[in-house]
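So you can see what is in the structure, the chains are spelled out below.
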Amino acid sequence: MSGHGHGHGHGHGHGCCECEHEPAERGVEYELYKRIDIEKLQCLNESRDGDGKLVFKPWDQRADRTKFVESDADEELLFNIPFTGSVKLKGIIIAGEDDESHPAEMRLYKNIPQMSFDDTSREPEQAFRLNRDPHAELEYPTKIARFSNVEHLSIHISRNFGAESTRVYYIGLRGEYAEPHRHEVTICNYEAAANPADHKVKSITPQTQFIS
């Protein structure tokens, strides 16, 4: 409980550098939810179909208690989150109830579409022990070098603080987004051009490959 008390106080301490961020400004940083292919998002072991999608919501709705996901058979949840492009993930906030149903551990995996609970036996890219955070104040920073070029993110909630089921109200994702590249379209255009100069391009290609 001491860890929770420290984290809660830190969020409100006026002397810390974090507080230079106004809530509205910080909210802009947490707009990766807009880049999720929400129709394809999966949440395994959710007690009600579709509830897992509800926790990826705007910053100003992070305190909304009417939208949440609760686990079903046990305390575990597994979110499979496809993005519409490439993401550099920098931080995550996860908020639950201020009781034993709050997630206690989070394990992150990247670029494993359709991940199942059987797949969670593998080593995650990063794992966090969580504090109770009912007000969505604590950010868990990722190792950015490991979370560049993320097209699919899986979040495994492996345990909570002792309840039979886990409840999550909000998951915030902070980072940068890049539109997907369409290399195949460019190649097709070049092939369709049928330009005699193509032969010249082919002849110099081997000498310039070191650039790529």
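Residues numbered from 1 in each chain as written. Predicted model: local features only at pLDDT ≥ 70, side-chain atom pairs only at ≥ 80, totals over all residues. Heavy atoms only, no water.

Going by the annotation in an unreviewed UniProt entry, the name recorded for the chain is PITH domain-containing protein 1, with Phoxinus phoxinus given as the source organism.

Chemist: What am I meant to see in the pattern of salt bridges here?
Modeler: It is possible for side chains of opposite charge to pair when their charged atoms get near one another. Inspection of the entire model under this criterion finds seven salt bridges. Of the charged contacts, one joins Lys40 and Asp37 as a salt bridge, the two residues approaching to 3.8 Å between their closest N and O atoms. We classify Asp37 as partly exposed; its relative accessible area is 23%. Here Arg122 ties to Asp119 by a salt bridge, and the two come within 3.9 Å at their closest N and O atoms. (Salt bridge = Lys/Arg side-chain N within 4 Å of Asp/Glu carboxyl O. Buried < 20%, exposed > 50% of the residue type's maximum accessible area, 1.4 Å probe, protein only.)

Chemist: Which parts of the structure should I look at to understand the packing of aromatic side chains?
Modeler: The description of two aromatic rings rests on the distance between their centres and on the angle between their planes. Under the defined criterion, the tally for this structure stands at five aromatic pairs. Ring geometry for Tyr30 against Trp59: centres 5.3 Å apart, planes inclined by 25°, an arrangement best described as stacked. Taken together, the positions of Tyr30 in the loop between helix 2 (23-29) and strand 1 (42-44) and Trp59 in the loop between strand 1 and strand 2 (69-70) put the pair 29 residues apart, joining distant regions of the chain. Note on Trp59: relative accessible area 8%, which makes it buried. Look at Phe68 and Tyr169: their rings are 5.7 Å apart centre to centre, the planes differ by 65°, and that puts the pair in the edge-to-face class. Here Tyr169 lies in strand 8 (residues 167-178) and Phe68 lies in the loop between strand 1 and strand 2, a separation of 101 residues in the sequence. The exposure class of Phe68 is buried, given its relative accessible area of 18%. What makes Tyr169 buried here is its relative accessible area of 2%. (Phe/Tyr/Trp six-rings, centres within 6.5 Å; stacked < 30°, edge-to-face > 60°. Helix = DSSP H or I, 4+ residues; strand = E, 2+ residues; numbered from the N terminus.)

Chemist: For this particular structure, what's the right way to read the nonpolar core?
Modeler: One broad trend across soluble globular proteins is that nonpolar side chains are buried collectively. If you look at the biggest cluster of nonpolar residues, it comprises 29 residues, and the most contacted ones within it are Phe79, Ile155, Ile171 and Leu173. Those elements that provide at least two residues to this core are strand 3 (77-96), strand 4 (103-110), strand 7 (150-160) and strand 8. A per-element tally of this core places strand 3 first, with eight residues. Apart from residues no more than four positions distant in its own chain, Ile155 is found in contact with Leu77, Leu78, Phe79, Ile81, Ile92, Met106, Arg107, Leu108, Ile171 and Leu173. Core analysis: the second largest hydrophobic core is formed by six residues, Tyr30, Trp59, Ala95 and Tyr170 among them. (Core = buried A, V, L, I, M, F, W, Y, C linked by side-chain atoms within 4.5 Å. Contact = heavy atoms within 4.5 Å.)

Chemist: What am I meant to see in the side chain of Thr142 here?
Modeler: Topologically, Thr142 is positioned in the loop between strand 6 (140-141) and strand 7. Relative accessible area serves as the criterion here: at 9%, Thr142 is assigned to the buried category. Other than its neighbours up to four places away in sequence, Thr142 contacts Leu89, Lys90, Gly91, Leu108, Gln126, Phe128 and Phe147.

Chemist: What is the right way to look at the pairing of strand 8 in this model?
Modeler: For a regular strand, the rule is simple: side chains alternate between the two faces of the sheet. Note that strand 2 and strand 8 share two bridges and pair antiparallel. What sits directly across from Val69, in strand 8, is Val168. Bridge count between strand 3 and strand 8: 10 bridges; the pairing is antiparallel. By the bridge assignment for strand 8, Ala95 is matched with Tyr170. (Pairing = 2+ DSSP bridges.)

Chemist: For this particular structure, what's the right way to read the side chain of Thr166?
Modeler: Mapped onto the secondary structure, Thr166 falls in the loop between strand 7 and strand 8. For Thr166, the side chain forms a polar contact with the main-chain oxygen of Glu75, separated by 2.6 Å. Other than its neighbours up to four places away in sequence, Thr166 contacts Val69, Glu70, Ser71, Glu75, Leu77, Ser101, Pro103, Ile157 and Asn160. (Polar contact = N/O pair within 3.5 Å; in protein donor to acceptor, adjacent residues only side chain to side chain.)

Chemist: Just to check I follow, could you spell out the environment of Thr84 for this structure?
Modeler: Counting through the fold element by element, Thr84 comes out in strand 3. For Thr84, a relative accessible area of 39% translates into the label partly exposed. Sequence-distant contacts of Thr84, that is, excluding residues within four places in its chain, are made with Arg35, Ile36, Asp37, Tyr177 and Pro180. A distance of 2.9 Å separates a polar atom in the side chain of Thr84 from a polar atom in the side chain of Tyr177.

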